[in-house]
Amino acid sequence: MTLFPPFLQVRLLLIHRVSGHWDVIPDFTNNGDKKAQRSHGPLGQTPRETPKETVHCPRAPSGQQARFLSNCVVGASLEEITEEEEEEDENKSTTLEASSTKVKEGTFQIVGTLSKPASPRPDFAVETYSAISREDLLMRLLECDVIIYNITESSQQVEEAIWAVSALNEEVSHFEKRKVFILLSTVMTWARSKALDPEDSEVPFTEEDYRRRKSHPNFLDHINAEKMVLKFGRRTRKFATYVVAAGLQYGAEGGMLHTFFKMAWLGEIPALPVFGDGTNVIPTIHVLDLAGVIQNVIDHTPKPHYLVAVDESVHTLEDIVKCISKNTGPGKIQKIPRENAYLTKDLTQDCLDHLLVNLRMEALFVKENFNIRWVAQTGFVENINSILKEYKQSRGLMPVKICILGPPAVGKSSIAEELAKYYKLHHIQLKDVISEAIAKLETIVAPKDIGEGEEEVEEEEEEENVEDAQELLDGIKESMEQNAGQLDDQYIIRFMKEKLKSMPCRNQGYILDGFPKTYDQAKDLFNQEDEEEEDEVRGRMFPFDKLIIPEFVCALDASDEFLKERVINLPERIVAGTHYSQDRFLRALSNYRDINIEDETVFNYFDEIEIHPIHIDVGKLEDAQNRLAIKQLIKEIGEPRNYGLTDEEKAEEERKAAEERLAREAAEEAEREHQEAVEMAEKIARWEEWNKRLEEVKREERELLEAQSIPLRNYLMTYVMPTLIQGLNECCNVRPEDPVDFLAEYLFKNNPEAQ
């Protein structure tokens, strides 16, 4: 029996791998006599003598179930939930934020392995392992009192779960006390079950009907694992086994619905797809509610050994997708053939099987016997707001809202374009918003052919929209006629507010380029129209709409001389037809200076609501391309808050990087070859020059030798040669035995100098 620190009552082992699992080790007493066998990770407490009741659990989607259990006190679900606790739970966020530095006494504590040794330790984990073998895993399972396996993620988990329950069954005789094995399975093992009442297809299945269940063909391994787990639990009381069949899981990072959330959030398609007719009923459950079911099974150890974990909703695929589209995306859906679902690359076969199932189920035993603090008991559609909040927070999908202001020609639009590309935001310019709004109104009032299948209610709503649109168009036309082509602020504010409240701007955010220009425009644009929310902000000087108010305000500025010089140096093709012509630019600059020396400026408005502008003097940066200003703004704003690069964008980035690398290597190779050619040419030139100089040196040496030999030749011709000739003649006449000695003696005797 293993011992743990005195404050620990529950220990949970989370093994992050494909066939992952968790261990939960509750400590209910403090009168044991065995010592701890290992330390307890980063907390660094010294183990003491405490017997253990252990629970081994699987890896949940996104670790939310592990995080949930790490905040649960063992046995808490055995107590009835009071009305005060229910109200308190409703006021709390459903997204758990466990802190590794705050450990409640008696809660599950999580230890386990990481999928990669370099992965960071989860903040709710007390201890982590980099790798674990089956032999070591079995030793840890034997230390546990409750083992939970999640087989909803991959077939490898099914294999390991079967191994684990079989290995534990072989060790039953060595169990010191009762152990519980919980298999977290899926309702797909019921997918082909025959209706309970052929005349009434709306009668739901319950836990009592589990013997009649028929599995989907792709989940035969799952139902076999369920049967094996239940079979081992019937053999002995020392080893109790449970199967929990969970519906399609949602919440936190989205689960199987992530693809629809992402498509809606990106807003790149006009309607979200619904596969088939969309009338199939999908059993669902929030991941934290599923964790609550697991907690209750651990605490209650109920008599039924097969449980169903679903919420109370009866939502169809169309209901779910339409809800996501309405609250996150374009608000429309499009029904496509089921066969086309398999062309969606982001959906796996398991996801499609769950989305296309048609099954009515009711968690009767769970509702009547368990104490669960439900997060989404009524289902996905009714709790979409909290679910969306969880999803966006868990994935960091927070909008970035920026307003860029400044005098004309300071670089607002160019900086806004670069920031929009970097943060993937919507670049909002006043002229584009007005043109888009007018074009939309003209489309509404244009005559349309009404199809035969349209409903009367839609026709009435459309007629009302046409009348409103026509009235608004007439008002716009009248306003522009009275103001020399300019539009009244009331229309500008209306169109701009509609744009900022559009779903794309609410999802990704926006960059507002050069608007509002005045204090009153800012106040009218960002004021709070909802009276209920206005009461909440009554303490402030005036209310503002948190939904559309910018998070960052950038105040660009430069001296008039700098701006005039910049406009003068602009190419004619850019200046033509714009407000950068001399008269218009000077007038616009003068108007901007006049507006911003008053007591109430647009910057004063943001200061009053404590959104302090980021002031940048573009003239002092001396950067024509505004790169330094952009770099400074990115540093102030921070990292992007979106999904990051898509697979296509990653592939494009990799392709560009490969092309740049090849181009760089080719340029380096060409430069190397060029350098080698230059060096060879220089070498040949130096060789030729050296040979030329060598010949010149030889010629000079010959000339020098010749010049130096002239006196010697003259001397020989004058003094030596006549005597030598006479000596040779004498030698010929005498014919001595040694002619050389004779000639030498003759020259010595007849030396002219000696005479």
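Above: the structure in question.
What comes next is a walk through the structure.

Definitions and limits used
- Residues numbered from 1 in each chain as written.
- Predicted model: local features only at pLDDT ≥ 70, side-chain atom pairs only at ≥ 80, totals over all residues.
- Heavy atoms only, no water.
- Helix = DSSP H or I, 4+ residues; strand = E, 2+ residues; numbered from the N terminus.
- Buried < 20%, exposed > 50% of the residue type's maximum accessible area, 1.4 Å probe, protein only.
- Contact = heavy atoms within 4.5 Å.
- Areas by Shrake-Rupley, 256 points an atom, 1.4 Å probe, with all protein chains shown as cover.
- Axes fitted to C-alpha atoms, helices over the stretch in contact; angles between N-to-C directions.
- Parallel < 35°, antiparallel > 145°, perpendicular 65-115°, else oblique.
- Left-handed = near helix turned anticlockwise from the far one by under 90°.
- Nonpolar A, V, L, I, M, F, W, Y, C, P; charged D, E, K, R; others polar.
- Phe/Tyr/Trp six-rings, centres within 6.5 Å; stacked < 30°, edge-to-face > 60°.
- Lys NZ or Arg CZ within 6 Å of the ring centre and 35° of its normal.
- Patch = residues over 30% accessible without salt bridge, like charges linked within 9 Å, V, L, I, M, F, W, Y side chains within 5 Å.
- Salt bridge = Lys/Arg side-chain N within 4 Å of Asp/Glu carboxyl O.
- Pairing = 2+ DSSP bridges.
- Core = buried A, V, L, I, M, F, W, Y, C linked by side-chain atoms within 4.5 Å.
- Right-handed = clockwise from strand over helix to strand, strands pointing away.
- Lys, Arg positive; Asp, Glu negative; His and termini not counted.
- Charge placed at Lys NZ, Arg CZ, Asp CG, Glu CD.
- Arc of directions from axis to C-beta.

On a plain count of helices and strands, the protein chain comes out with 27 helices and 18 strands. Evaluated residue by residue, the protein chain yields a buried proportion of 43% over its 755 residues. Sequence separation of 24 or more characterises 77% of the internal contacts of the protein chain that already satisfy a separation of 6 or more. Carbon and sulfur atoms form 49% of the exposed surface of the protein chain, whose accessible area is close to 42,000 Å².

Now for the packing of helix H6 (residues 258–266) against helix H8 (residues 317–328). Running from N to C, H6 and H8 cross one another at 30°; their axes reach a closest spacing of 9 Å. As judged from the angle between their axes, H6 and H8 are roughly parallel. The two elements H6 and H8 meet at a crossing, and its hand is right-handed. Between H6, through Phe260, Phe261, Ala264 and Trp265, and H8, the contact on the second element is made entirely by Val321, Ile324 and Thr328. Here the contact of H6 with H8 is built from residues that sort into six nonpolar, one polar and no charged.

Before going further, it helps to examine the packing of aromatic side chains. Under the defined criterion, the tally for this structure stands at 18 aromatic pairs. Summarising the aromatic geometry, the rings of Phe261 and Tyr391 are spaced 4.5 Å apart at their centres and angled 25° between planes, so their arrangement reads as stacked. Of this pair, Phe261 sits in helix H6 while Tyr391 sits in helix H12 (residues 384–395), placing them 130 residues apart in sequence. Residue classification places Tyr391 among the buried residues on the basis of a relative accessible area of 2%. Consider the rings of Phe526 and Phe606, whose centres lie 6.0 Å apart with planes at 55°: the pair is tilted. Taken together, the residues Phe526 in helix H18 (residues 519–526) and Phe606 in helix H23 (residues 602–608) connect sequence positions 80 residues apart. The exposure class assigned to Phe606 is buried, which follows from its relative accessible area of 0%. Ring-pair connections join several aromatic residues into one group, and the members of that group are Tyr149, Phe175, Phe181 and Phe239. Here the basic side chain of Lys179 rests over the ring of Phe175, its NZ or CZ set 5.2 Å away from the ring centre. Lying over the aromatic face of Tyr643, Lys262 brings its terminal NZ or CZ to 5.1 Å of the ring centre.

A surface patch of nonpolar side chains, about 660 Å² in accessible area, is lined by Leu712, Tyr715, Leu716, Met717, Tyr719, Met721 and Ile725. In this fold, Leu712 is placed in helix H26 (residues 647–734).

This part is about the packing of helix H13 (residues 412–423) against helix H25 (residues 627–637). One can describe the packing of H13 onto H25 by two numbers: an axis separation of 10 Å at closest approach and a directional angle of 45°. Put simply, H13 runs oblique to H25. Read as a crossing pair, H13 and H25 show a hand that is right-handed. Contacts between H13 and H25 involve Ile415, Glu418, Leu419, Tyr422 and Tyr423 from the first element and Ala629, Ile630, Leu633, Ile634 and Ile637 from the second.

Let us look at unusual backbone geometry. Residue Pro516 is reached from Phe515 by a cis peptide bond, and omega for that bond is 5°. Inspection of the secondary structure puts Pro516 in the loop between strand E16 (509–513) and H18. Phi angles above zero are rare outside glycine, and Ala252 is one such case at about 60°. You can call Ala252 buried: its relative accessible area is 7%. In this structure, Lys424 is a non-glycine residue whose phi angle is positive, near 55°. Its location among the elements puts Lys424 in the loop between H13 and strand E15 (426–429).

What follows is about the sheet that holds strand E18 (residues 614–617). Across the sheet, five strands lie side by side as E15-E16-E14-E17-E18; this open sheet has parallel pairing. Every interior strand has two partners, whereas the edge strands, E15 and E18, have only one. When strand polarity is set aside, the average angle formed by the axes of neighbouring strands in this sheet is 20°. Bridging between E15 and E16 involves four bridges; their strand directions are parallel. Bridge pairing links His426 to Tyr510 in E16.

On to the nonpolar core. Core analysis: the biggest nonpolar cluster contains 102 residues, and Phe181, Phe275 and Phe380 have the highest contact counts within it. Element by element, the count of residues in this core is highest for helix H7 (residues 287–300), at eight residues. If you look at the next biggest cluster of nonpolar residues, it comprises 39 residues, including Ile428, Ile434, Val553 and Ala555.

The next subject is the environment of Arg494. Here Arg494 lies in helix H16 (residues 489–500). A sequence separation of 30 residues divides Arg494 from Asp524, and the C-alpha atoms of the two residues are 9.3 Å apart.

Extensive coverage of strand E6 (residues 146–150) is indicated by the burial of five of its five residues. What you see with E6 is no split at all: Val146, Ile148 and Asn150 on one side and Ile147 and Tyr149 on the other are buried throughout. Direction of pairing for E6 relative to strand E7 (residues 179–186): parallel, over a ladder of five bridges. Across the sheet, residue Val146 finds its bridge partner in E7, namely Val180. Between the parallel elements E6 and E7, the chain passes through helix H4 (residues 155–170) in a crossover that is right-handed.

Taken together, the side chains of Asp489, Asp520, Asp524, Asp594, Glu598, Asp599, Glu600, Asp607 and Glu608 define an acidic patch exposed on the protein surface. Contributing elements (two or more residues each) for the negative patch: H18 and H23. Along the chain, Asp599 falls in the loop between helix H22 (582–595) and H23.

With the rule as written, the count across this model stands at 20 salt bridges. Glu318 is the salt-bridge partner of Lys322, the closest N and O atoms lying 3.5 Å from each other. Placement of both Lys322 and Glu318 in helix H8 is noted, with a separation of four residues, approximately one turn of the helix. Here the residues in one salt-bridge network are Glu318, Lys322 and Lys335, joined through shared partners.

The next point concerns the pairing of strand E17 (residues 552–557). Counted residue by residue, E17 has five buried out of six residues, so it is predominantly covered. Where strand E14 (residues 400–405) lies against E17, four bridges are found, and the strand directions are parallel. By the bridge assignment for E17, Ile402 is matched with Phe552. Of the pairings in the sheet, the one linking E17 to E18 comprises four bridges and is parallel in character. Within the sheet, the bridge partner assigned to Ala555 lies in E18 and is His615.

This part covers the side chain of Gln508. Relative to the helices and strands, Gln508 is located in the loop between helix H17 (503–507) and E16. Of the residues examined, Gln508 reaches a relative accessible area of 8% and is grouped as buried. Excluding its chain neighbours within four sequence positions, the residues that come into contact with Gln508 are Trp265, Leu266, Pro399, Val400, Lys424, Leu425 and His426.

This part takes up helix H20 (residues 560–568). Residues of H20 that are buried: Leu563, Arg566 and Val567. In a view along the axis of H20, the buried residues occupy a sector of 95°, so they form one face of it. Of the residues in H20, the exposed ones pointing more than 90 degrees away from the buried face are Glu561 and Ile568. The inward-facing, buried residues of H20 abut helix H21 (572–575), H22 and helix H24 (618–621).

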